[in-house]
Amino acid sequence: MADKKFTVGVLTSGGDAPGMNAAIRAVVRTSLTNNMDVIGIKHGYEGLISGEFNAMGPRDVGGILQRGGTILLTSRSKRFMEPSGQRDAIRKMNEAGMDALIVIGGEGSMNGAYALSQKGVKVIGIPGSIDNDIWGTNIAIGTDTAMNTIMEAVDKLRDTASSHQRAFLIETMGRNSGYLAVMAAIVCGAEVALIPEVPITADEVALSVEEAYKRGKTHAIIINAEGSGVRTTDLAETIDNMDVGFKTRMTILGHIQRGGSPTAYDRLLASRMGVKAVEALIEGHHGVMTGLKGKGVDFIPLLDVISNKRKVNMEYYHMAKVLAR
Ligand code: F6P
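Keep in mind that what you see is a predicted model, and the values were worked out from it rather than measured.

Turning our eyes to something else, we now look at the sheet that holds strand 3 (residues 53-55). Read across the sheet, seven strands follow the order 3-2-1-4-5-10-11 without closing on themselves; strand pairing throughout is mixed. Edge positions in the sheet fall to strand 3 and strand 11 (296-301), since each of these pairs with one other strand and no more. Here the average twist between neighbouring strands, direction ignored, is 30°. Bridge count between strand 4 (residues 100-105) and strand 5 (residues 122-127): six bridges; the pairing is parallel. Residue pairing across strands places Gly 105 opposite Pro 127, the latter belonging to strand 5.

A few words now on the layout of surface pockets. The volume enclosed by the largest pocket comes to roughly 680 Å³. Lining the largest pocket we find 30 residues, and of these Gly 14, Gly 15, Arg 76, Gly 108 and Arg 175 sit closest to its centre. Sorting elements by how many residues they give to the lining of the largest pocket places helix 4 (residues 107-118) first, with five residues. Classifying every residue of the lining of the largest pocket gives five nonpolar, 16 polar and nine charged. Shared between two domains, the lining of the largest pocket takes at least three residues from each, and those domains are domain 1 (7-142 + 262-307) and domain 2 (144-258).

Here we come to the site of the ligand. Neighbouring the ligand are the residues Arg 76, Asp 131, Met 173, Gly 174, Arg 175, Glu 226, His 255 and Arg 258. In this structure, Gly 174 approaches the ligand through a main-chain N or O atom, which is 3.2 Å from an oxygen atom. Contact with the protein chains hides 76% of the accessible area of the ligand, taken as 400 Å² for the molecule alone. In a pocket analysis with a 2 Å cut-off to the grid points, the ligand is assigned to the largest pocket. Grouping the constituent residues of the shell around the ligand by class yields one nonpolar, two polar and five charged.

Counted under the stated rule, the structure contains eight salt bridges. Residues Glu 191 and Lys 217 are paired through a salt bridge, measuring 2.7 Å at the closest nitrogen-oxygen approach. Residue Glu 191 is located in the loop between helix 6 (179-188) and strand 7 (192-194), and its partner Lys 217 is located in the loop between helix 7 (202-214) and strand 8 (220-225); the two are separated by 26 residues in the primary sequence. Residue Glu 191 is classed as buried on the basis of its relative accessible area, which comes to 12%.

Considered domain by domain, the chain is made up of domain 1 (7-142 + 262-307) and domain 2 (144-258). Here the C-alpha centroids of domain 1 and domain 2 sit 34 Å apart. With 15 residues of domain 1 at the interface, the matching set in domain 2 holds 12 residues. Taking both partners together, domain 1 and domain 2 bury about 1,200 Å²; carbon and sulfur atoms supply 50% of that area. Three residues stand out in domain 1 for area buried against domain 2, namely Ile 130, Asp 131 and Thr 263, and they jointly supply 41% of the buried area on that side.

Conventions we followed
- Residues numbered from 1 in each chain as written.
- Predicted model: local features only at pLDDT ≥ 70, side-chain atom pairs only at ≥ 80, totals over all residues.
- Heavy atoms only, no water.
- Pairing = 2+ DSSP bridges.
- Helix = DSSP H or I, 4+ residues; strand = E, 2+ residues; numbered from the N terminus.
- Axes fitted to C-alpha atoms, helices over the stretch in contact; angles between N-to-C directions.
- 1 Å grid on protein atoms, 1.4 Å probe; cavity = no way out; pocket = protein on both sides within 12 Å on 5 of 7 lines; lining within 4 Å.
- Points joined across faces, edges and corners; volume = space filled by probe spheres on them.
- Nonpolar A, V, L, I, M, F, W, Y, C, P; charged D, E, K, R; others polar.
- Domains from an automatic or database assignment.
- Near = heavy atom within 4 Å.
- Polar contact = N/O pair within 3.5 Å; in protein donor to acceptor, adjacent residues only side chain to side chain.
- Areas by Shrake-Rupley, 256 points an atom, 1.4 Å probe, with all protein chains shown as cover.
- Sits in = over half its atoms within 2 Å of the grid points.
- Salt bridge = Lys/Arg side-chain N within 4 Å of Asp/Glu carboxyl O.
- Buried < 20%, exposed > 50% of the residue type's maximum accessible area, 1.4 Å probe, protein only.
- Contact = heavy atoms within 4.5 Å.
- Buried area = accessible area lost by both parts, 1.4 Å probe.

In structure tokens:
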């Protein structure tokens, strides 16, 4: 019997992000090129616990580079948060002869990856999250596509906001991070951005909108990150009640931000990170995440990734305000 080849498992976990498929494709094809076997795990950590495994060949990842979502499906697994779930997962990995695991996902997924690495599993993380809230990488897979989705939507909303001289409230995703909202404020020319990192009241926002009206603006765009602490409906009510000049309309962009074909940037980033994750294993690294640092993709210890909080760059927050004059 031929010697068993080094076998890599790959899964996607948490909220999906455009470009995850490109990362899966890169992992599969780089591993096969280097004489490794690849097992695709369905439904993230849930599938790792229940053994939803399939061997993957080069044709299994054909035609997916341009597709949003994840062909491996994903989940937010409660069971895996418990040590017993992690133990069961390791057992299933051993039964399948899996020697290493590549986890593509967000902050919570990197916590799971670190927990496995502490139990002796060779794990490599790849950051994928539209929120861009993962420490250790300049940008995560999916963020660029989500930004472009937001930009297209806000551009359309601005057209109608201007025609009717209205204030449009637009809610972006970002439970704990204002990254998307701040960047959207810059690239879409918003008057105000509300983010979890900077407390602000609905009354204060209404006053800024009134100021914008007095300065002669034909419309106002207000970007509210979902985790800002101010509900978009309450904000609309406050602005309408304070009679600031503009009447309001609101749009909650929701999960539209998570779908769609990845941008060229995300396809390239995902491909580079997928290749680098396999190279990490070949070079004997594990317990690390691939991270974009400057122009290169580096390895960042998972412990550092999960023990640090990525903060919104306040320079961008202030820039958005200056440019809204
Ligand atoms: O983490 C990505 C994210 O899209 C957050 O911005 C958002 O709060 C959350 O996922 C929504 O999760 P779900 O798809 O489970 O509703």
